[in-house]
Amino acid sequence: MGYRKGKSGNVSHREFLFAEVTLKAAFVATSFPESHFRLKMAATLCSKFLQRQGWLPLTQSVRHGSKAVTRHRKPFHILRQKLMAVTKYVPPERVIPPGAYPSATKRVQEDSALTLLLKRDLKKVFQDCKMVAVVQNSASSAEDMMLLKNRLFKHGIIVKFFPNQVTRSFLMDTVYSNMAPLFIGPTVLFVSKEPKVKEMLKALRSSPQMTLLGACIDDTLLSVDGIVSYSKLPSVAVVQGQLVSGLTMLTSLTASLLQRHPAHLSALLQQHVRQQSPDSGTAEEAAS
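Residues numbered from 1 in each chain as written. Predicted model: local features only at pLDDT ≥ 70, side-chain atom pairs only at ≥ 80, totals over all residues. Heavy atoms only, no water.

**Q** Looking at this model, I keep getting lost on the pattern of salt bridges. Mind explaining?
**A** Side-chain pairing between opposite charges can occur once the charged atoms of the two side chains come close. Counted by the stated rule, this structure contains 1 salt bridge. Measuring nitrogen to oxygen at the nearest pair gives 4.0 Å for the salt bridge that ties K130 to E194. Remark: E194 occurs in the loop between strand 3 (187-192) and helix 7 (197-205) and K130 occurs in the loop between helix 4 (113-128) and strand 1 (131-137); sequence separation between them is 64 residues. K130 gets classed as partly exposed once you look at its relative accessible area, which sits at 41%. (Salt bridge = Lys/Arg side-chain N within 4 Å of Asp/Glu carboxyl O. Helix = DSSP H or I, 4+ residues; strand = E, 2+ residues; numbered from the N terminus. Buried < 20%, exposed > 50% of the residue type's maximum accessible area, 1.4 Å probe, protein only.)

**Q** What exactly am I supposed to notice about the packing of helix 7 against helix 8 (residues 224-231) here?
**A** Each pair of packed helices can be summarised by the angle the axes make with each other and by the distance between the axes. For the pair helix 7 and helix 8, the least separation of the axes is 8 Å and the interaxial angle reads 120°. Our classification of the angle between helix 7 and helix 8 gives oblique. Here the hand of the crossing between helix 7 and helix 8 comes out left-handed. Taken together, the residues of helix 8 that come into contact with helix 7 (itself represented by V197, K198, M200 and L201) are I227, V228, Y230 and S231. A per-class count over the contact of helix 7 with helix 8 returns 6 nonpolar, 1 polar and 1 charged. (Axes fitted to C-alpha atoms, helices over the stretch in contact; angles between N-to-C directions. Parallel < 35°, antiparallel > 145°, perpendicular 65-115°, else oblique. Left-handed = near helix turned anticlockwise from the far one by under 90°. Contact = heavy atoms within 4.5 Å. Nonpolar A, V, L, I, M, F, W, Y, C, P; charged D, E, K, R; others polar.)

**Q** Sorry, what's going on with the packing of aromatic side chains here?
**A** Here the distance between the centres and the angle between the planes together describe a pair of aromatic rings. A full pass over the atoms with the stated rule returns 2 aromatic pairs. Ring geometry for F126 and F170: centres 6.0 Å apart, planes at 40°, overall tilted. Here F126 is found in helix 4, whereas its partner F170 is found in helix 6 (residues 164-171), with 44 residues between them in sequence. No difference in accessibility class separates F126 from F170, as the two residues are buried. Taking 4.8 Å as the distance between ring centres and 35° as the angle between the ring planes, the aromatic pair formed by F126 and Y176 counts as tilted. With F126 in helix 4 and Y176 in the loop between helix 6 and strand 3, this pair connects stretches of sequence that are 50 residues apart. Here F126 matches Y176 in class, with each residue buried. Members of the aromatic cluster, each reached through a chain of ring pairs, are F126, F170 and Y176. (Phe/Tyr/Trp six-rings, centres within 6.5 Å; stacked < 30°, edge-to-face > 60°.)

Okay, structure coming up:
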């Protein structure tokens with residue numbers, strides 16, 4: 001067994017002692033086999049104690065051109081793959097809380113006898129009355145409501161009360177469905193068989209708690225501005241008189257235009273006949 005030189009090329013005293021101890025341990029191990037284990041431990045401790053940075057070991061394991069080996073996952077056996085596929089965890093479906101989405105089936109609720117009776121009255125009101133106005137009641141007292149009823153009744157306007165739910169349900173199935181958004185909150189109906197818009201607006205001016213929302217006049221839905229514009233229109237009698245006078249004037253003018261040309265033609269013919277007759281010539285000379 002030999003030993004190598006360090007970086008400086010000279011053998012140090014410690015390396016020499018280590019080599020001598022190793023030789024003695026090998027001799028004792030061959031001569032006394034029972035103390036082989038103790039001598040091996042002593043040699044190991046001496047090697048760790050005497051090891052330095054410049055000392056090179058007697059043998060070294062050097063890797064020549066080999067590459068790093070990465071571990072590849074070994075494929076599972078076909079039976080294990082089947083078992084894992086069968087026992088794979090399948091999460092349950094997400095439970096939708098009730099009421100999160102609207103139900104696909106609509107519940108049809110039958111109307112009560114009172115609701116049917118109110119709908120029948122509403123149908124009669126819209127059929128018989130030409131003016132149906134929607135007014136919002138803003139905390140009007142019973143006394144003020146009674147005075148307003150009396151003022152409107154003098155002009156043939158009646159105040160009616162219907163629940164909003166019943167009114168909207170009735171309007172959805174009729175041609176007056178566009179009036180349904182007006183029935184929100186406490187509402188009152190002003191109805192009359194003839195359009196009495198001026199009288200209604202005059203009565204509402206004395207009741208600030210009542211707010212006009214809209215009206216249906218002659219099967220036409222009008223806003224508040226439309227109702228005010230409608231009130232400024234002349235009455236039916238005045239319009240009929242203006243129409244009759246206009247038609248009479250046109251007929252008389254047409255008759256005068258038709259008679260003008262024949263009358264002018266007849267006057268010209270009479271003048272020509274006078275000029276052609278002999279008596280007319282002597283009469284003209286005597287006159288001169």
